[in-house]
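Residues per chain are reported as follows:
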Amino acid sequence: MATYSIRKELMNGELQSYGSPRLWRVDETKWELTWNKMVEQWHYLASSAMVGSLVKYFIILDEWIVGAISFCTAAYKLGPRDKHIGWSSTVRQEYLPRMVENNRFLILPCVRIKNLASATLAESVRRLKIDWPDKYGVCPVLIETYVDTSRFTGVCYRAANWVYLGQTQGYSRSAGGFTYHGNKKAIYIHIIDKRFKREFKPGTARLNNAIKELEKMINGIPQWYPSLTEKIGLSKMTDADVRRYLAEHLLPYTPYLGRKEHHRHLVAMTQGLLSDLERKSIEPIALAFEGIDHVRVLTKFMSDAKWHEDAMQKAYQTEFADMLSAEDGMITGDDTCFPKKGHNTVGVARQYCGNTGKIDNCQAAPMVGYVSGKGYGIFDWRLYMPKAWFEDDHRDLRVKCKVPEQLSFETKNKMLLDMILSAHKSGKLKARYVGVDASYGSDSAFLDALPEQLIYFADVRKDQRVFASRPETSIPDYKGKGRRPHIPVTAANPVTVEEIAANESTPFNDVALGIGAKGPIFSKDKIIRVVEVRDDLPGKDIWLYVRQLEDGSLKYSLTNAPMSSTLEEIRRPALLRWSIEQCFKELKDYLGMDHYETRNWVAFHRYMLLSNMSHLFINKLRNRFSAKMHTPGATPYIDHPVPADEFLEAAIQLGKNEPITNAKIKAVPDRPQQVLTIGLVQKFVNAAFVKIGRLREEIDYQLMTAAASFDSHSRAKLKQALAKRESVAT
């Protein structure tokens, strides 16, 4: 290698006289400085100060260094390239680390050998397939470059079978964003991965054809009642619409399936989870949507087939966040259980089961959800593996259930905390709050480890200890015997939140917390300033929120909302944490998340993924069906909690057709409302591809009565609340 010299004298003639060009990789070697100086001296862009992923080569011909070439990570967004490939933003994000840019290409001025440049480009493709994975662990699928047409024609790229796509917009990145310089460059790309080339053919026609292919896989015959959505004021929607929406939803996930034959299995599983099948395990889904001969095939697809569910989950999380993320959102955390009869299913053990309310044979899975004004869903999940599964007597079962070898025991609290921190750190989910149930809220170490930027609203058990006020602390006097005291003690002992709530000197407040599916949600609450207990000593000043439920029982929560918070601001997250429990209910009741009968680690996580992808699809339809209300209903509307008296006064004004004078309360909401429940949307969906005529009648009836039911519940609640207020007044 050291015998090579940089060519400084004229070198011309035919390429075959010198042989094929070779590439000498010099990045992260002592020769990189020489490469940099060479680029600084002879390349028109001059700068060799490049950052990020890079590989650099000298171009060797005979015994001479005749040029330099380098590659880096491709542009995040490039309109002509992205349009040419025809992918979505979700798929682009997955493939971007595998996109490479040819950012420097120099043939020395003294070297004038015909076809050298195009031959070098061909050799660089061969080398990149080896060197890029060796350095960065991913195989490149596409190379792109930009040619300054005021200096070069780009003929060498065309000769090397690169494709011209168009021009850049003439902007460059600067500290303040983008600056227009007007120097537009020609864009060339070269697809080097055959599978990628098959999946992403140029032009938008490919995308439309892919959607149509998926639509054909979705069973169904047109038998929609066009009047259905009109009866509740929504635009028309047909069977074909639902199938197209589902195909569009699934298309971004198909690149992660490995083989095209798996597309049909993805469609079948999703249809099965969205359908009205009584049991949504693999066998009933296969029988209903693929046929009796495909039961084993679908089982293998979920348990053994090679597809990239981890990458698919990341794509799901990106799409989830893009659709639901909002500034005032809440990251929620809880775990859900799956009762099981046998002992050979991954993660099964005798443990507390929330479904049965006792110690039972079950699996447990901590999950992270998210809720905002745009909707709610599950963002991340993990299967809890009890300690017994890591003992020697479970070794064979771990192998049989395909438990990852590197997995080690973690508590549910540790798992949930890691997922919350990861979700927050990803930057995908905008959030103001984080909410957890009592299993996690009663763990002081868990609360202390939550992101400082988030306000936590954590349920706690009734025996959770706090200080009613900040106690004085001191080190006890030395009594002359034993070790001298050095740990401070408090002058007052902590008490339980139950004891503080029982103190009648702080009365309950009547409040309207929000508007639910059955009208206004009235409640009683207390908000009390307390001090947290840390190692038997006072910690930070926090709030105790006590809510009386409809059955008279009390629910206790702690929040570190700022001391300057208003009562409304402290109450605001009270209803948000409930959303993750609603997710669990919807996923199990409507989408069969707990119906799986597979036993291994892979199948469990794939079932969770497909169930949540189905839930996201229903969320999409809910958002699509959002309607702007123009006519007041039976009850006023609130975005945030207000005192019950204020809400009832507004209700009286609304009933008299008078303007509502309270600025916090409106006759109709400002933004579109998701008027359909998850259950009704699910019926819409499976009605589009399940051939059951009675289902049509059921939906027709439910749609006609949905608004009437809401009004009826609202009027009854308002009447009851007003009567109660009058009785108190007298």
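In what follows, the accompanying structure is described. (Residues numbered from 1 in each chain as written. Predicted model: local features only at pLDDT ≥ 70, side-chain atom pairs only at ≥ 80, totals over all residues. Heavy atoms only, no water.)

Examining the packing of aromatic side chains
In the structure shown here, the tally under the stated rule is 24 aromatic pairs. Relative to Phe-58, the ring of Trp-24 lies with its centre 5.7 Å away and its plane at 55 degrees, an arrangement referred to as tilted. With Trp-24 in strand E3 (residues 22-25) and Phe-58 in strand E4 (residues 54-61), this residue pair connects regions lying 34 residues apart in the sequence. Its relative accessible area of 0% is what places Phe-58 among the buried residues. (Phe/Tyr/Trp six-rings, centres within 6.5 Å; stacked < 30°, edge-to-face > 60°. Helix = DSSP H or I, 4+ residues; strand = E, 2+ residues; numbered from the N terminus. Buried < 20%, exposed > 50% of the residue type's maximum accessible area, 1.4 Å probe, protein only.)

Points about the pairing of strand E16 (residues 375-381)
Summarising burial for E16: 7 of the 7 residues are buried, a large majority. As judged from the 6 bridges shared by strand E15 (residues 358-372) and E16, these two strands associate in the antiparallel manner. In the sheet register, Tyr-370 faces E16, and the bridge partner there is Gly-377. Taking the residues between adjacent antiparallel strands as the criterion, E15 and E16 are bridged by 2 residues. (Pairing = 2+ DSSP bridges.)

Structural notes on empty space enclosed by the protein
In this structure the tally under the stated criterion is 1 cavity of 30 Å³ or more. There is about 50 Å³ of room inside the largest cavity. In terms of lining residues, the largest cavity is bounded by Arg-432, Tyr-433, Ile-455, Thr-559, Ala-561, Pro-562, Ser-565, Glu-569, Ile-570 and Pro-573. Among the residues forming the lining of the largest cavity, the class breakdown is 6 nonpolar, 2 polar and 2 charged. (1 Å grid on protein atoms, 1.4 Å probe; cavity = no way out; pocket = protein on both sides within 12 Å on 5 of 7 lines; lining within 4 Å. Points joined across faces, edges and corners; volume = space filled by probe spheres on them. Nonpolar A, V, L, I, M, F, W, Y, C, P; charged D, E, K, R; others polar.)

Details of the pattern of salt bridges
A full pass over the atoms with the stated rule returns 35 salt bridges. Notably, a salt bridge pairs Arg-126 with Glu-123, separated by 2.7 Å at the nearest N-O pair. With Arg-126 and Glu-123 both in helix H4 (residues 116-136) and 3 residues apart, this pair spans about one turn of that helix. For Arg-126, a relative accessible area of 43% translates into the label partly exposed. By relative accessible area, which is 16% here, Glu-123 ends up buried. For the salt bridge of Asp-525 with Arg-571, the shortest nitrogen-to-oxygen distance reads 2.6 Å. Of this pair, Asp-525 sits in strand E24 (residues 519-534) while Arg-571 sits in helix H19 (residues 567-571), placing them 46 residues apart in sequence. (Salt bridge = Lys/Arg side-chain N within 4 Å of Asp/Glu carboxyl O.)

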